[in-house]
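Fold and contact review
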Amino acid sequence: MTAQNQRQELQRNIWSIADQVRGAVDGWDFKQYILGILFYRFISENFQNYIEAGDPEVYYANYPDEAISSEIIDDAVKTKGYYIAPSQLFSNVVKTARENADLNTDLKAIFTAIESSAIGYASENDIKGLFDDLDTTSNRLGNTVAEKNKRLADVLEGINQLNFGRFEDNQIDLFGDAYEFLISNYASNAGKSGGEFFTPQSVSALLAKIVMLGKDEHNKINKIYDPACGSGSLLLQARKQFSKHIIEEGFFGQEINMTTYNLARMNMFLHNINYDKFDIKRGDTLINPLHNDDKPFDAIVSNPPYSIKWIGSDDPTLINDDRFSPAGVLAPKSKADFAFILHALSYLSAKGRAAIVTFPGIFYRGGAEQKIRKYLIDNNFVEAVIQLPANLFFGTSIATCILILAKNKPNTDTFFIDASKEFKKETNNNILTTDNINKILSHFDKKEELDYFSKAVKFDAIVENNYNLSVSSYVEAEDLTEKIDIDVLNKDIKTTVEKIDKLRAEIDEIVAELTTKGGN
């Protein structure tokens, strides 16, 4: 079976299975069990494949736990980042799941053991807490142990039914595809809360392509970073769109929400990114950035939360923070958008590019936001602003924008693109098609102007417009109303009036004739 066929089969089956096994439990609440068990199956098969190393004589699942030497365990953790004993493998657990009266506590012990295997190793922080949201003793699964075990067995057997092919046949991205397919569906069904942790793939692909423009095996980037990484979908699009060898030092991100932070780390593993090639940290990026020692980054992508509150000026130390002090003002306490933007700019390398999804209001509002726009334009950091179509994101119909920052612009122009009409309508949301994405990229890359779509604007024009960066201020909207030629219209009216007069005269003659005949 080809990879494409396997993907199609997975997408037909996986959501159905996820919906069936959850029973009466809300799908949003149940997502961590489906996603967590899928992850458990992946790392089990990944680890087994590593141990067997392609030797047909070795079948790791059949080995007794005590037969695995401490040297093998040590080497495995150093290489893979974790250790799974033969008895703890997904394939062995699922065999007896239905009859195992201690299934829920056995699974809890297995997940604890996997995390504990990394203690004292370089991978400890990457593995720690991965299974925190997969509480196999929770009452969400049922009120009794028997109910919990039944639902867990349902999940295990459901995930086991999915056909991923042989792990060693290089189809491992199928796990990542399945994981993102599930996340996307959960996000879509969750509405607003779903939009907080997942950026739709078409938008992710556009951002990844923007920051990776011109990069190849001979012109690589050092690393890619997302300061509000959610489930990691933006970072992983860069991995999907380009050879992994173009990104030399890996994937970096920070996420404040614990559940989403765990999803992001699982997502990295599921896309076969080893623990030493990613660094996802948990914390508040704006007040406790955790990648100071890793900057600068050649590529930054982000879809931070729109116009959220933050501490801002209530913390007097922030105005002296290296990220914010150059602008001379902090983002408003009620709207943190520009705090994320300034953070990203400060982490960007001299040759790098950042692409950030933004709320459109930040481009025309006054006060502190106008002063920050002035700083960005005066210092020539804004490469482009792209207006996106409405209804692309889960939970909001707002037509967002993409702000593109760079520190190595060849001139002081700012490029504006109105892509608000570039979309395909789908059931619940609009999407960017490949053609839409390619049109946007082509005009951005070449800085090619097109009536009603794209325009390069001089520095002085933006200054004269009070540093307004709204796309609609510079790219004229096409007037689709019917054009009327007054001369032609008057001629038509004159002709019509003449016809009416002629008809009236003819009618008068007919009436007169009828009247005469009637009088006789």
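All of these numbers come straight from a predicted model, not from anything done at the bench.

Assignment of secondary structure puts Gly 36 in helix α2 (residues 27–52). A relative accessible area of 1% places Gly 36 in the buried class. Distance in space between the C-alpha atoms of Gly 36 and Glu 115 is 14 Å, their sequence separation being 79 residues. For Gly 36, the residues in contact, after removing those within four places along its chain, are Lys 31, Phe 131, Leu 134 and Met 266.

In this sheet, strand β3 (residues 278–282) lies alongside strand β2 (residues 251–255) in parallel orientation, the contact comprising 5 bridges. Bridging across to β3, Glu 255 finds its partner in Arg 282. Considered for its hand, the β-α-β crossover made up of β2, helix α12 (residues 258–270) and β3 is right-handed.

Quick look at the nonpolar core now. Tyr 40, Leu 156 and Ile 224 are the most contacted members of the largest nonpolar core, which totals 103 residues. Examining the composition of this core, we find that 11 residues originate from one element, α2, more than from any other.

Residue-level pLDDT values for the chain average 88, and 90% of them are 70 or greater. This stretch, residues 167–172, has a pLDDT under 50; its non-local contacts, to residues over four places away or in other chains, come to 13 contacts.

Now for the packing of helix α10 (residues 201–211) against helix α15 (residues 434–446). Two elements in contact, α10 and α15, have axes whose closest approach is 10 Å; the angle formed by their N-to-C orientations is 25°. In terms of orientation, α10 lies roughly parallel with respect to α15. Considering how the two elements wind past one another, α10 and α15 form a crossing that is right-handed. Residues Ser 202, Ala 205, Leu 206, Lys 209 and Ile 210 of α10 form the contact with α15, whose own contacting residues are Ile 437, Ile 440, Leu 441 and Phe 444. Among the residues making up the contact of α10 with α15, the classes are represented as 7 nonpolar, 1 polar and 1 charged.

Here we take up the sheet that holds strand β1 (residues 224–226). If you trace the 9 strands from one edge of the open sheet to the other, you get β3-β2-β1-β4-β5-β7-β6-β8-β11, paired in mixed fashion. Whereas interior strands pair on both sides, the edge strands pair on one side only; in this sheet they are β3 and β11 (454–457). Strand after strand, the sheet turns through a mean of 15° between neighbouring axes, direction not considered. Bridge analysis of strand β5 (residues 348–358) against strand β7 (residues 401–406) gives 6 bridges, and the strand direction is antiparallel. Bridge pairing in β7 links Val 357 to Ile 402. Across the sheet, α10 lies against β1, β4 (297–302), β5, β6 (382–387) and β7, angled at about 160° from β5, the strand it touches most.

A cluster of like negative charges, contributed by Glu 449, Asp 451, Glu 476, Glu 478 and Asp 479, occupies part of the molecular surface. Inspection of the secondary structure puts Asp 451 in the loop between α15 and β11. Given a relative accessible area of 63%, Asp 451 falls into the exposed group.

This next bit is on the pattern of salt bridges. Any two side chains of opposite charge can pair, given that their charged atoms come close. Tallying each qualifying case throughout the model produces 16 salt bridges. Linking Glu 249 and Lys 223 is a salt bridge whose minimum nitrogen-to-oxygen distance equals 3.6 Å. Of the two residues, Glu 249 is situated in the loop between α11 (233–241) and β2 and Lys 223 in the loop between α10 and β1; the sequence distance between them amounts to 26 residues. With a relative accessible area of 41%, Glu 249 lands in the partly exposed category. Note on Lys 223: relative accessible area 8%, which makes it buried. One salt-bridge network, held together by shared partners, links Arg 98, Lys 150, Asp 154 and Glu 157.

Before going further, it helps to spend a moment on the packing of aromatic side chains. The final tally for this structure, using the stated rule, is 18 aromatic pairs. Ring centres of Phe 269 and Phe 278 lie 5.2 Å apart, and the angle between their planes is 90°; this geometry places the pair in the edge-to-face category. The same class applies to Phe 269 as to Phe 278, namely buried. Here the aromatic residues Phe 39, Tyr 40, Phe 47, Tyr 50, Tyr 60, Tyr 82, Tyr 83, Phe 90, Phe 111, Phe 131, Phe 269 and Phe 278 are joined through ring pairs into a cluster of three or more. Across from the ring centre of Phe 297, 5.4 Å away, lies the NZ or CZ of Lys 223, which sits over that ring. Just above the ring of Phe 453 sits the side chain of Lys 439; from NZ or CZ to the centre is 4.4 Å.

A separate point is helix α7 (residues 145–161). Helix length check: α7, at 17 residues, gives a terminal C-alpha distance of 24 Å against a target of 24 Å (1.5 Å per residue), a fit within 8%. Buried residues of α7: Lys 148, Asn 149, Arg 151, Leu 152, Ala 153, Asp 154, Val 155, Leu 156, Gly 158 and Ile 159, and no others.

Within β6, 6 of the 6 residues are buried, which leaves it mostly tucked inside the rest of the structure. With 5 bridges joining them, β6 and β7 adopt antiparallel strand pairing. For Ile 386, the partnering residue across the bridge sits in β7 and is Ile 402.

Criteria and thresholds
One numbering rule holds for all chains: residues counted from 1, following each sequence as written. Per-residue local features are limited, in this predicted model, to residues with pLDDT of at least 70; the limit for side-chain atom pairs, both in listing and counting, is 80 or more; totals at the level of whole chains, interfaces and linings are taken over all residues. To obtain the side-chain values, all non-hydrogen atoms of the structure were included, while hydrogens and water were left out. Numbering of helices and strands starts at the N terminus; helices are DSSP runs of H or I of at least 4 residues and strands are runs of E of at least 2. Buried residues are those whose accessible area, probed at 1.4 Å on protein chains only, stays under 20% of the maximum for their type, while exposed residues exceed 50% and partly exposed ones sit between those limits. A contact between two residues is defined here by any heavy atoms of the two lying within 4.5 Å. The criterion for strand pairing is that DSSP finds at least two bridges linking the strands in question. Looking down the strands as they point away from you, a crossover is right-handed if its path from the first strand over the helix to the second goes clockwise. Among buried residues, those of type Ala, Val, Leu, Ile, Met, Phe, Trp, Tyr and Cys that are joined through side-chain atoms within 4.5 Å constitute a nonpolar core. The pLDDT value tells you how sure the predictor is about a given residue, anywhere from 0 up to 100. Simply put, an axis is a line fit to the C-alpha atoms, just over the touching stretch for a helix, and the angle between two N-to-C directions goes from 0 to 180 degrees. Between 65 and 115 degrees an angle is taken as roughly perpendicular, under 35 as roughly parallel, over 145 as roughly antiparallel, and anywhere else as oblique. Each crossing is labelled by how the near helix is turned from the far one, with a counterclockwise turn of less than a right angle marking it left-handed and a clockwise turn marking it right-handed. In the scheme used here, Gly and all other residues not listed as nonpolar or charged are polar, with Ala, Val, Leu, Ile, Met, Phe, Trp, Tyr, Cys and Pro taken as nonpolar and Asp, Glu, Lys and Arg as charged. Candidates for patches are residues over 30% relative accessible area with no salt bridge; among them, like charges are joined within 9 Å and nonpolar side chains (Val, Leu, Ile, Met, Phe, Trp, Tyr) within 5 Å. A 1.4 Å probe and the Shrake-Rupley method give the accessible areas. Residues count as covered only by the protein chains that appear here. Only one rule defines a salt bridge in this text: a Lys or Arg side-chain nitrogen within 4 Å of an Asp or Glu carboxyl oxygen. Residues scored as positive are Lys and Arg, those scored as negative are Asp and Glu, and His as well as the terminal groups of each chain are ignored. We put the charge of a Lys on NZ, of an Arg on CZ, of an Asp on CG and of a Glu on CD. The criterion for an aromatic pair is that two Phe, Tyr or Trp rings (for Trp, the six-membered ring) have centres within 6.5 Å, with stacked assigned to planes under 30 degrees apart, edge-to-face to planes over 60 apart and tilted to the rest. Remark: a charge is flagged as sitting over a ring if the NZ atom of Lys or the CZ atom of Arg is within 6 Å of the ring centre and within 35 degrees of the ring normal. By this rule the span expected of a helix is its residue count minus one, scaled by 1.5 Å.

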